[in-house]
Amino acid sequence: MRRLLLSAALLGLAGCSTLGHWGQAAGGHLAITRAARPVDDWLADARTPADLAERLRLAQQLRDFASRQLALPDNNSYRRYADLGRAAVVWNVVAAPPFGLTLKTWCYPLMGCAGYQGWFDLDAARASAQALQAQGWEAQVQAIPAYSTLGWSRLLGGDPLLNTFIRYPDGELAAMVFHELAHQRVYVADDTGFNEAYASAVELIGARQWLADKPEARAAFEAGRARRAAFLALAREGRARLLQVYAGPAEARPTAKAAVMAELRERAPREAPGYEAWFQRANNASFAILSAYDELVPAFLRLFDQQGQDWAKFHAAVERLAALPREQRRANLRSLKGGSDDLDPATRQTR
């Protein structure tokens, strides 16, 4: 709580709009912590639906596995549950220029700068996106099922399980919990791509290890990841082609960009079934934030192999990278050897 108050005071120096955003963020998170109750209380409550009780028990097994087998933090996060009565916990605003794929960034106390701005109210997020569009940015509002407080909310009960993801299929629920806990293990201020790729690698490897003796759930997980691999392949192609357009003559960019977008929307039903809606509403911000989550994942997968698939050694290696200046950190990741250069994070197998 002291950190929250200090952060609010620091943001007061940055202007009313920033303070207003931080105020809703702090208030929104505190409302979630107040709504959360220990999982044991939910399980002891006869009014708790049987299917929810089953998911909560599974989540506790996943939570134990994360600390015992994946060397992720052993704390009070995901030991409580809250039903928020809505489909997303927060809505992120992302933005990029009309002819570029560099994310706009926002800077915050404690967590540094990130390529997104989170809102606990959908209307407020939409208003923020509209204001950015009026300034010439391409913006988008994205529904987010979970987020990490990087461990600093442990004094308030830790990050809770939420209705926004508790009914995910077994493999995806595992991936969600492992991803968010990874942010508590290693987090670098001002490097969204590094943070998200590391957590995405942890979720993928961890989920597959969890599912190793659960063939039906493993098959469902792999099928979903295969669909995502097809989506990522088409999105990567689109991103590369857009970058070529934006590097070309300025007068040709609007027409060429529109042609690329139209082709991607036309191909999506065949090549990325299930992701048609993503391509229908995609803009530069969509492609920019997707690359932040995806681009560096293969390098982290190779790093895991280089560390003998030992979780403690892997996290320690990531911590060493995190201590480097950003450009040196990225150069070291790009130079990783020992695996195929075309590893796809959605299809790679681990022992």
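Scroll up a little and you will see the structure.
So, here's what we can say about the structure. (Residues numbered from 1 in each chain as written. Predicted model: local features only at pLDDT ≥ 70, side-chain atom pairs only at ≥ 80, totals over all residues. Heavy atoms only, no water.)

Focus on the pattern of salt bridges
Definition in use: The rule for a salt bridge is simple: a side-chain nitrogen of Lys or Arg has to be within 4 Å of a carboxyl oxygen of Asp or Glu. Helix and strand assignments come from DSSP, with helices taken as H or I runs of at least 4 residues and strands as E runs of at least 2, each series counted from the N terminus. Each residue is placed in one exposure class: buried if its accessible area under a 1.4 Å probe, protein chains only, is under 20% of its type's maximum, exposed if it is over 50%, and partly exposed if it falls in between.
Applying the stated criterion across every chain, the model contains 24 salt bridges. When the shortest N-O distance is used, the salt bridge between Glu138 and Lys257 registers 2.2 Å. Remark: Lys257 occurs in helix α9 (residues 253-271) and Glu138 occurs in strand β7 (residues 138-144); sequence separation between them is 119 residues. Assigned by exposure class, Glu138 and Lys257 land together as buried. Residues joined in a network through salt bridges with shared partners are Asp191, Arg326, Glu327, Arg329 and Arg330.

Digging into the sheet that holds strand β8 (residues 161-162)
Keep this limit in mind: At least two bridges found by DSSP between two strands are what make those strands a pair.
Across the sheet, which stays open at both edges, the three strands sit in the order β1-β2-β8 with mixed pairing between neighbours. With partners counted over all chains shown, the strands left at the sheet margins are β1 (37-38) and β8, one partner each. For strand β2 (residues 80-82) and β8, the ladder comprises two bridges, and the chain directions are parallel. Bridged to Tyr81 within β8 is Leu161.

Brief notes about unusual backbone geometry
Backbone geometry at Ala71 places phi at a positive 60 degrees, although glycine is not the residue there. With respect to the helices and strands, Ala71 occurs in the loop between α4 (50-69) and β2. The partly exposed category is assigned to Ala71, whose relative accessible area is 23%.

Some thoughts on the sheet that holds strand β6 (residues 117-119)
Pairing between sheet strands relies on hydrogen bonds along the backbone, with the strands arranged either parallel or antiparallel. Here is the rule we go by: Simply put, an axis is a line fit to the C-alpha atoms, just over the touching stretch for a helix, and the angle between two N-to-C directions goes from 0 to 180 degrees.
Pairing in this open sheet of three strands is antiparallel, and the strands run β6-β3-β7 from one edge to the other. Only two strands of the sheet have a single neighbouring strand rather than two, namely β6 and β7. If you compare each strand with its neighbour and ignore which way they point, the axes differ by 25 degrees on average. Both strand β3 (residues 90-96) and β6 contribute to a ladder of three bridges, which runs antiparallel. Bridged to Trp91 within β6 is Trp119.

Description of the packing of helix α7 (residues 192-210) against helix α13 (residues 311-322)
Selection criterion: Note on angle classes: values under 35 degrees are labelled roughly parallel, values over 145 roughly antiparallel, values of 65 to 115 roughly perpendicular, and the remainder oblique. Contacts between residues were defined by any pair of non-hydrogen atoms, one from each residue, lying within 4.5 Å. Any residue outside Ala, Val, Leu, Ile, Met, Phe, Trp, Tyr, Cys, Pro, Asp, Glu, Lys and Arg is labelled polar, Gly included; the first ten of those are nonpolar and the last four are charged.
In contact at an axis separation of 12 Å, α7 and α13 are set at 175 degrees when each is read in the N-to-C sense. In terms of orientation, α7 lies roughly antiparallel with respect to α13. Note on element contacts: α13 touches α7 through Trp311, Phe314, His315, Val318, Leu321 and Ala322, opposite Phe194, Tyr198, Val202, Ile205, Gly206 and Gln209. Here the residues of the contact of α7 with α13 are counted per class, giving nine nonpolar, three polar and no charged.

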